[in-house]
Amino acid sequence: MVATYKLLDSSDPKLKIKLDPIEEGVDRLILKNNLIETMNKHNAFGLAAIQCGVMQRVFAMCSGENKKVKTICFNPEIIWVSEETSLEEEGCLTYPNLYLKIRRPVSIKVTYEDVNENTISQGFDGLESRIFQHEYDHVDGIDFTDKASPLVLKRAKKKLSNDIKKMLRKYGNA
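Please read all numbers here as calculations on a predicted model, not as lab measurements.

**Re the confidence of the model for the protein chain**
Reading predicted coordinates in detail is not appropriate for stretches of low pLDDT.
(1) Moving on: When pLDDT is averaged along the protein chain, the result is 93, and 98% of the positions lie at 70 or above.
(2) Moving on: Ranking the elements of the protein chain by mean pLDDT puts helix α4 (residues 150–171) last, at 86, and strand β6 (residues 107–113) first, at 98.

**Notes on a positive patch on the surface**
(1) Moving on: Judged by side-chain charge, Lys 154, Lys 158, Lys 165, Lys 166 and Arg 169 come together as a positively charged surface patch.
(2) Moving on: Position of Arg 169 among the secondary structure elements: in helix α4.
(3) Moving on: For Arg 169, a relative accessible area of 64% gives the class exposed.

**Observations concerning the pattern of salt bridges**
(1) Moving on: Following the criterion strictly, the structure yields ten salt bridges and no others.
(2) Moving on: Between Glu 113 and Arg 28 there is a salt bridge whose closest N-O contact spans 2.6 Å. Here Glu 113, found in strand β6, pairs with Arg 28, found in helix α1 (residues 28–41); they are 85 residues apart in sequence, far enough to count as distant.
(3) Moving on: Overall, Arg 28 belongs to the buried group, its relative accessible area being 8%.

**Some thoughts on the pairing of strand β2 (residues 58–63)**
Residues in a regular strand point their side chains to alternate faces of the sheet.
(1) Moving on: Most of β2 is tucked away: six of the six residues are buried.
(2) Moving on: Burial along β2 is two-sided: the face carrying Val 58, Ala 60 and Cys 62 and the face carrying Phe 59, Met 61 and Ser 63 are both buried.
(3) Moving on: One ladder, built from three bridges, connects strand β1 (residues 46–48) with β2; its direction is antiparallel. Paired with Gly 46 across the two strands is Met 61, which belongs to β2.
(4) Moving on: As judged from the six bridges shared by β2 and strand β3 (residues 69–81), these two strands associate in the antiparallel manner.

How each quantity is defined
- Residues numbered from 1 in each chain as written.
- Predicted model: local features only at pLDDT ≥ 70, side-chain atom pairs only at ≥ 80, totals over all residues.
- Heavy atoms only, no water.
- pLDDT = per-residue confidence, 0-100.
- Helix = DSSP H or I, 4+ residues; strand = E, 2+ residues; numbered from the N terminus.
- Patch = residues over 30% accessible without salt bridge, like charges linked within 9 Å, V, L, I, M, F, W, Y side chains within 5 Å.
- Areas by Shrake-Rupley, 256 points an atom, 1.4 Å probe, with all protein chains shown as cover.
- Salt bridge = Lys/Arg side-chain N within 4 Å of Asp/Glu carboxyl O.
- Lys, Arg positive; Asp, Glu negative; His and termini not counted.
- Charge placed at Lys NZ, Arg CZ, Asp CG, Glu CD.
- Buried < 20%, exposed > 50% of the residue type's maximum accessible area, 1.4 Å probe, protein only.
- Pairing = 2+ DSSP bridges.

This is the structure:
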């Protein structure tokens with residue numbers, strides 16, 4: 001049976017742990033199905049298991065045409081990054097409604113294992129590259145707020161706080 005995971009709060013110290021390779025005996029199919037179900041429920045582009053308190057080096061991400069393909073990446077590694085970078089806005093399920101401009105390489109080459117423990121070597125460009133890097137950071141104990149300058153982060157949090165206050169004034173505390 002497929003389950004939806006509960007997301008950890010952004011203050012949970014587990015989110016700062018660099019995860020070791022996935023343990024032997026973990027049911028990869030159940031983990032895959034639950035991650036994808038949770039990602040779909042939240043309409044997300046990606047989700048690392050650690051964001052749900054599952055201490056395994058694995059994440060799910062959207063890829064392919066129209067981002068409808070769900071790729072699961074066990075024991076991911078980035079083996080090459082392009083010199084070309086781009087500064088783009090990112091969000092994260094761990095920080096609802098917080099958006100930050102993050103600079104990342106435009107293209108990457110990676111390896112990961114699939115659900116059947118086959119090693120996949122693949123390149124990603126553009127949005128897929130950004131999604132992979134974002135989720136990869138999670139399994140390394142890094143979140144996107146760590147990549148933003150303190151000033152940019154402070155401004156974004158202040159904007160979010162002001163937006164929430166405006167919404168509460170408009171719609172009340174209900």
